[in-house]
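# Coordinate inspection notes
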Amino acid sequence: MSQRSREPSLEPLVIKFGGTSVGGGAEFVRAARMVADEALGRPVVVVVSAMSGTTDTLLGYAGTTAGGDDRTSTGATREGSLAELHRTLAERHLSAARHAVSEEHLPPVEERIYELLGGLLEAIASGGETPEARRARRAEIAVYGERLSACILAGAIASAGAPAAVAGDPIATDAAHAEAEVDSGRTRERAAGNVVPLLEAGEVAVVPGFVGRSPEGGQTTLGRGGSDLSATALGAALGSREVWICSDVDGVLDADPALVGGARLVPRLSYREASSMAGLGAKVLHPKTMEPARAAGIEVTVRSTFNRNCAGTCVCSREPGSGIRGVVLRRGVSLVRESGVPETPVFRMLGSSGYGVDYLLHAGDGEREPAGHAAVVCVGSPGCDELSAGISVLGKRGITVCWAGLCSDGLLFVVDGDDARSALETLHGSLLGIRSGDGETADEGSYSVEGVA
Ligand code: ASP
Ligand code: MG
């Protein structure tokens, strides 16, 4: 028998909805039904983003100073624009609520929307002029989108037949107002106080994503797209085994569909691969999402709210085997000559930690060449056959490979910036089908400095 936890765990399923999944009344209904269905079988915690576009609108206002007679970018006066902000946010959120929340549950939801909008106007009007005060005010303004959508979604879930309530902010962070770091110990305490009692009472707990609390109780945010991180951090704090990240795409795709025709869904990824793809710019996940999941061994499923039949992408600790999972393009890469290194061109790559490829170092005289290169990173567990196949297929297309080799994310091909798009398409088209033979396990250590100039 497992001795790991002393108390019986609720192991709630955490479901996170992105902004388009709550983009309007009909979307709230769809999301609420999905939650109510799951809540029949197990405790459910919901993490929700702001209605799509709301955070951008709010941050536009956070950019104006508190006291002055600022004008917005459209030249409207401050008072006029505040009245306009109140009117548009009220209209959008009330209309969604009236569509998604039943008559029985609507009055407290409407009341709360007005209360929140009042609080928002106060937050916009308040605040000092020091940089620290401006950052605090920005965070206070930014979180209203999530607070509004959480209140509507709780009403919609209750209307779909599952008792639901908005929980007090469970995510504890450091004191940085934007891009705050999650404090997992304090988050566990806050989740135990704010979320667990709702679950024990048989309710669905709805949590505004993106929102954090500093040690002093001040408002912080986890950075743009941070609701994904809210979901896994909360899952880790609650002992969850499963987190669903629901958006308007079927899962993690093997390339950016805006750049590559025929991008396909990736069924399985390891935490390492998912972190690499997110860190290198795959937009479906916040780059830090996998950190709490990996530490706690939570299975993360990236799936669509709009296509529930699709199983999505399952991310867990298991490495899905050799081969390339996806391709990511990074533009503006510099080839840097590093001084003090023996003459033989030794190539070394920095920044492949999952947060992006920023530099390629090259033995030589210490001067940086203009950032005219692009890197195509093929994420996965490649071997030498993929490396040589990639070099050869790029060559056949007439694309000059400035550098190619294995890196901790997978394979890296550096090409001229003008060839970036076609290199990406070519590598996607030719490498994604290849799987190394079983005997050829990639040994990163022996290949990491192997380069092709
Ligand atoms: N609403 C926030 C943003 O747009 C957080 C999120 O959606 O994850 O960045
Ligand atoms: Mg997102």
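Definitions and cut-offs
- Residue positions are given per chain, counted from 1 along the sequence in the order it is written.
- Chain A is the first chain written and ligand 1 is the first ligand written, with later ones labelled in order.
- Per-residue local features of the predicted model are confined to residues with pLDDT of at least 70, and side-chain atom pairs are confined, for both listing and counting, to 80 or more; whole-chain, interface and lining totals are unaffected and use all residues.
- No hydrogens and no water enter the side-chain calculation; it runs on all heavy atoms of the structure.
- The secondary structure listing takes helices from DSSP runs of H or I that are at least 4 residues long and strands from runs of E that are at least 2 residues long, numbered from the N terminus.
- Relative accessibility thresholds used throughout: buried, under 20% of the residue-type maximum; exposed, over 50%; partly exposed, between the two (1.4 Å probe, protein chains only).
- By definition in these notes, contact holds between two residues if any of their heavy atoms fall within 4.5 Å.
- Per-residue and other accessible areas were derived by the Shrake-Rupley procedure at a 1.4 Å probe size, with only the shown protein chains allowed to occlude residues.
- The definition of a nonpolar core used throughout is a set of buried Ala, Val, Leu, Ile, Met, Phe, Trp, Tyr and Cys residues joined through side-chain atoms within 4.5 Å.
- Note on pairing: two strands pair once DSSP finds at least 2 bridges between them.
- Axis angles are defined between N-to-C directions and span 0 to 180 degrees, where every axis is a line fitted to C-alpha atoms and, for a helix, only to the segment in contact.
- Polar contacts here mean pairs of N or O atoms no more than 3.5 Å apart (in protein, one a potential hydrogen donor and the other a potential acceptor; neighbouring residues in sequence count only if both atoms are side-chain atoms).
- Call a crossover right-handed when, viewed with both strands pointing away from you, the route from the first strand across the helix to the second goes clockwise.
- Salt bridge, as applied in this entry: a Lys or Arg side-chain nitrogen positioned within 4 Å of an Asp or Glu carboxyl oxygen.

So, on to the overall build of the protein. Scanning the protein from N- to C-terminus turns up 14 helices and 16 strands. Classification of the 453 residues of the protein by burial places 51% in the buried group. Of the contacts made within the protein by residues no fewer than 6 positions apart, 77% connect residues no fewer than 24 positions apart. Looking at the protein as shown, the accessible area adds up to about 19700 Å², and 50% of this sits on carbon and sulfur atoms.

Judged by nonpolar contacts, the single largest core of 54 residues is most densely connected at F17, V46, I113, L120, L153, I157 and V204. Broken down by element, the residue count for this core peaks at 9 residues, all from helix α6 (residues 144–159). Each residue touching V46, except ones within four places of it in the same chain, is listed here: I15, F17, V35, L153, I157, V204, A205, V206 and V207. The next biggest cluster of nonpolar side chains, apart from the first, holds 46 residues, and it includes A167, L238, Y271 and L280.

Take the sheet that holds strand β10 (residues 313–316) next. An order of β3-β4-β2-β1-β7-β9-β10-β8 is seen for the 8 strands of this open sheet, with the pairing classed as mixed. Each having just a single partner strand, β3 (164–166) and β8 (268–270) make up the two edges of the open sheet. Neighbouring strand axes in the sheet, compared pairwise and without regard to direction, differ in orientation by 20° on average. Where strand β7 (residues 242–247) meets strand β9 (residues 299–304), 6 bridges bridge the pair, whose relative direction is parallel. When the sheet's bridge partners are listed, W244 is paired in β9 with T301.

This part takes up the side chain of T305. Here T305 lies in the loop between β9 and β10. T305 gets classed as buried once you look at its relative accessible area, which sits at 1%. Here the side chain of T305 touches S21 through a polar contact of 2.7 Å, side chain to side chain. Excluding its chain neighbours within four sequence positions, the residues that come into contact with T305 are F17, S21, R30, A31, M34, C246 and S247.

Where burial is concerned, most of strand β1 (residues 13–17) is hidden: 5 out of the 5 residues are buried. Of the two faces of β1, the one holding L13, I15 and F17 and the one holding V14 and K16 are both buried throughout. With helix α1 (residues 25–39) bridging β1 and its parallel neighbour strand β2 (residues 44–48), the resulting β-α-β unit is right-handed. With 4 bridges connecting them, β1 and β7 associate as parallel partners. Bridge assignment links I15 to a residue of β7, and that residue is W244.

Bringing the pattern of salt bridges into the picture now. It is possible for side chains bearing opposite charge to pair when their charged atoms get close. The full count for this structure, using the stated rule, is 21 salt bridges. Its salt-bridge partner being E110, residue R98 comes within 2.6 Å of it at the nearest N-O pair. Linking R98 in helix α3 (residues 78–100) with E110 in helix α4 (residues 106–125), this pair joins segments that are 12 residues apart in sequence. On the accessibility criterion, R98 (48% relative accessible area) is partly exposed. Linked through salt bridges whose partners overlap, the residues forming this network are R272, E273, E319 and R325.

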